[in-house]
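These are the residues of each chain, in order.
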Amino acid sequence: MFATLKRTAKLLRVPTQAERDLAYLNEAGDRYDLEARERNLSRRVANRGLGL
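Residues numbered from 1 in each chain as written. Predicted model: local features only at pLDDT ≥ 70, side-chain atom pairs only at ≥ 80, totals over all residues. Heavy atoms only, no water.

Draft legend 1. The arrangement of the environment of alanine 9 in detail. Counting through the fold element by element, alanine 9 comes out in helix α1 (residues 2–12). On the accessibility criterion, alanine 9 (46% relative accessible area) is partly exposed. Separated by 37 residues in the primary sequence, alanine 9 and alanine 46 have C-alpha atoms spaced 33 Å apart. (Helix = DSSP H or I, 4+ residues; strand = E, 2+ residues; numbered from the N terminus. Buried < 20%, exposed > 50% of the residue type's maximum accessible area, 1.4 Å probe, protein only.)

Here it is, written out as structure tokens:
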């Protein structure tokens, strides 16, 4: 019974921002795409620090 509840809880869990960022980076097709995605994430973090 508890195993079923654990499985259900895992399915309903929302991924963290770090997990979503890692998944986004893992989808890169080549080195240049990866670098562009890294710059995109860096800009997003910098803008978040500025309150944008």
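Draft legend 2. Structural view of the pattern of salt bridges. According to the stated counting rule, one finds five salt bridges in the structure shown. With its nearest N and O atoms 3.9 Å apart, the salt bridge here joins arginine 37 to glutamate 27. In this pair, arginine 37 is assigned in helix α3 (residues 31–50) and glutamate 27 in the loop between α2 (17–26) and α3, connecting sequence segments ten residues apart. Overall, arginine 37 belongs to the buried group, its relative accessible area being 15%. Here glutamate 27 falls in the exposed class, since its relative accessible area comes to 56%. (Salt bridge = Lys/Arg side-chain N within 4 Å of Asp/Glu carboxyl O.)

Draft legend 3. Representation of the side chain of arginine 37. Reaching out from arginine 37, the side chain makes a polar contact with the backbone oxygen of tyrosine 24 at a distance of 2.7 Å. What arginine 37 contacts, discounting residues up to four positions off in sequence, is Tyr24, Leu25, Glu27 and Ala28. (Polar contact = N/O pair within 3.5 Å; in protein donor to acceptor, adjacent residues only side chain to side chain. Contact = heavy atoms within 4.5 Å.)

Draft legend 4. Molecular detail of the packing of aromatic side chains. With the rule as written, the count across this model stands at zero aromatic pairs. Arginine 37 extends its terminal NZ or CZ atom over the ring of tyrosine 24, reaching a point 4.6 Å from the ring centre. (Phe/Tyr/Trp six-rings, centres within 6.5 Å; stacked < 30°, edge-to-face > 60°. Lys NZ or Arg CZ within 6 Å of the ring centre and 35° of its normal.)

Draft legend 5. Structural context of the packing of α2 against α3. Running from amino to carboxyl end, α2 crosses α3 at an angle of 155°, the nearest separation of the two axes being 9 Å. The orientation of α2 relative to α3 falls into the category roughly antiparallel. Counting all contacts with α2, which are made through Gln17, Asp21, Tyr24 and Leu25, the residues of α3 involved are Leu34, Arg37, Glu38, Asn40, Leu41 and Arg44. When grouped by side-chain class, the residues that make up the contact of α2 with α3 number four nonpolar, two polar and four charged. (Axes fitted to C-alpha atoms, helices over the stretch in contact; angles between N-to-C directions. Parallel < 35°, antiparallel > 145°, perpendicular 65-115°, else oblique. Nonpolar A, V, L, I, M, F, W, Y, C, P; charged D, E, K, R; others polar.)

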